[in-house]
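Reading the structure
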There are 2 protein chains.
Amino acid sequence: MPEKNFVAVNYIDCKPEYRQRFEELFGSRAKQIDTMPGFVEMQVLRPTKEGDSYLIVSHWQDEESFKRWIKSEAFSEGHKRGFADMARAKAEGEEAPMKSDFKTYEVIAR
Amino acid sequence: MPEKNFVAVNYIDCKPEYRQRFEELFGSRAKQIDTMPGFVEMQVLRPTKEGDSYLIVSHWQDEESFKRWIKSEAFSEGHKRGFADMARAKAEGEEAPMKSDFKTYEVIAR
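Quick notes on the rules
Residues numbered from 1 in each chain as written. Chains lettered and ligands numbered in written order. Predicted model: local features only at pLDDT ≥ 70, side-chain atom pairs only at ≥ 80, totals over all residues. Helix = DSSP H or I, 4+ residues; strand = E, 2+ residues; numbered from the N terminus. Contact = placed C-beta atoms within 7 Å. Pairing = 2+ DSSP bridges. Buried ≥ 20, exposed ≤ 12 C-beta atoms within 10 Å, placed from the backbone. Axes fitted to C-alpha atoms, helices over the stretch in contact; angles between N-to-C directions. Nonpolar A, V, L, I, M, F, W, Y, C, P; charged D, E, K, R; others polar. Least-squares fit on C-alpha atoms with pLDDT ≥ 70 in both. pLDDT = per-residue confidence, 0-100.

Moving on, we come to the overall build of chain A. Looking only at helices and strands, chain A has four helices and four strands in total. Along its sequence from the N terminus, chain A presents helices and strands in the succession β-α-β-β-α-α-α-β. Here the C-alpha coordinates of chain A stretch approximately 45 × 35 × 20 Å along the principal axes. Put simply, of all contacts in chain A between residues at least 6 apart along the chain, 71% involve residues at least 24 apart.

Here is the structure:
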């Protein structure tokens, strides 16, 4: 496996009624991210404690590879079902079904 | 590599003056955790943004393996330098140099 030096974590807070849909979206994900140069692996983490955030963790060879992914057409393609859910809620005047917060990290020890 | 089904994340907030020491402790870690059955791998993640938490991420074959680690003698042995730093600060009436918050997760997609 290639070296994993950079990690991006997307912290997701889902409304309770959206959790099943959220898990289904990732369970049937488009695997667009897997096509990106410098991508190593990812995990979707469901909290064991009610109320904690889900974590989408992606491992990259370097920060540049991650930045290319965020700006890529594949990123839009890979997220289109989730983004459409968000847009529909907004159009209907509802609260967003999930909120996300991206944080990034360097791997300094293993 | 064995299957990684369970993840523990320790969110660490360090006082600025303790960061170097904290990184050194993990850079020279005792590798006690590596001896535990069911342990797969770990990473120490330094936030790219000032003020965000460090993440200690450990990957396990299952939750039981993680629980055995927490209760083990190896856990005490592996953390003794950090635990001593905390005890010294307390004994001197100072604020703890770091705060930690353990959260655990199931891997539901890759």
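Here we come to the pairing of strand β2 (residues 39-47) of chain A. Look at any regular strand and the pattern is simple: side chains alternate between the two faces of the sheet. Pairing of β2 of chain A with strand β3 (residues 54-60) of chain A, which is carried by six bridges, proceeds in the antiparallel orientation. Opposite L45 of chain A, over in β3 of chain A, you have L55 of chain A as the bridge partner. Between the end of β2 of chain A and the start of β3 of chain A, which pair antiparallel, lie six residues, with G51 of chain A showing a positive phi angle near 95°. In this structure, β2 of chain A lies alongside strand β4 (residues 98-109) of chain B, joined through four bridges in antiparallel fashion. The partner of R46 of chain A across the bridge, within β4 of chain B, is E106 of chain B.

Let's shift gears to the environment of R21 of chain A. Residue and element names in this part refer to chain A. Mapped onto the elements of the fold, R21 is located in helix α1 (residues 19-27). What makes R21 partly exposed here is the crowd of 15 C-beta atoms within 10 Å. Sequence spacing of R21 and K4 is 17 residues, and the spatial spacing of their C-alpha atoms is 30 Å.

In this section: the sheet that holds strand β1 (residues 6-14) of chain A. Within the closed barrel, the eight strands sit side by side as β1(A)-β3(A)-β2(A)-β4(B)-β1(B)-β3(B)-β2(B)-β4(A). Their pairing is antiparallel. This sheet shows a mean twist of 35° between the axes of neighbouring strands, independent of strand direction. Contacting β4 (98-109) of chain A together with β1 (6-14), β2 (39-47) and β4 of chain B, helix α1 (residues 19-27) of chain B runs over the sheet at an angle of about 70° to β4 of chain A. Helix α2 (residues 63-71) of chain B contacts β1, β2, β3 (54-60) and β4 of chain B of the sheet and is inclined by roughly 40° relative to β1 of chain B.

What follows covers the interface of chain A and chain B. In this assembly, 24 residues from chain A lie in contact with 24 residues from chain B. Only α1, β2 and β4 of chain A provide two or more residues apiece to the side of chain A that touches chain B. Of the residues assigned to the side of chain A that touches chain B, the class counts are 11 nonpolar, four polar and nine charged.

Attention now moves to the relation of the copies chain A and chain B. Once turned by 180° and shifted 0.0 Å along the axis, chain A lies on chain B with an RMSD of 0.0 Å. Both copies of the chain, as the preceding transformation shows, are related through a two-fold rotation axis. It is M1 of chain A whose C-alpha, among those of chain A, lies nearest the rotation axis, at 4.9 Å. Here 100% of the interface residues in chain A have copies in chain B that are interface residues too; the copies meet face to matching face.

Before going further, it helps to examine the environment of I33 of chain A. Examined against the element boundaries, I33 of chain A turns out to sit in the loop between α1 and β2. Sequence separation between I33 of chain A and E77 of chain A is 44 residues; the distance between their C-alpha atoms is 9.7 Å.

What follows is about the confidence of the model for chain A. Scored by pLDDT, chain A comes out at a mean of 95, with 100% of its residues at no less than 70. Scoring the predicted complex yields pTM 0.93 and, for the interface, ipTM 0.91.

Turning our attention to the environment of S58 of chain B. All names here are of chain B. Relative to the helices and strands, S58 is located in strand β3. The class of S58 is buried, set by 22 C-beta atoms lying within 10 Å. Along the sequence, S58 and R29 sit 29 residues apart, while their C-alpha atoms lie 14 Å from each other. With residues near it in sequence (within four places) discarded, S58 still touches A8, I33, F39 and M42.

With that settled, consider the pairing of β3 of chain B. Buried residues dominate β3 of chain B, accounting for seven of its seven residues. Burial along β3 of chain B is two-sided: the residues Y54, I56, S58 and W60 of chain B and L55, V57 and H59 of chain B are all buried.

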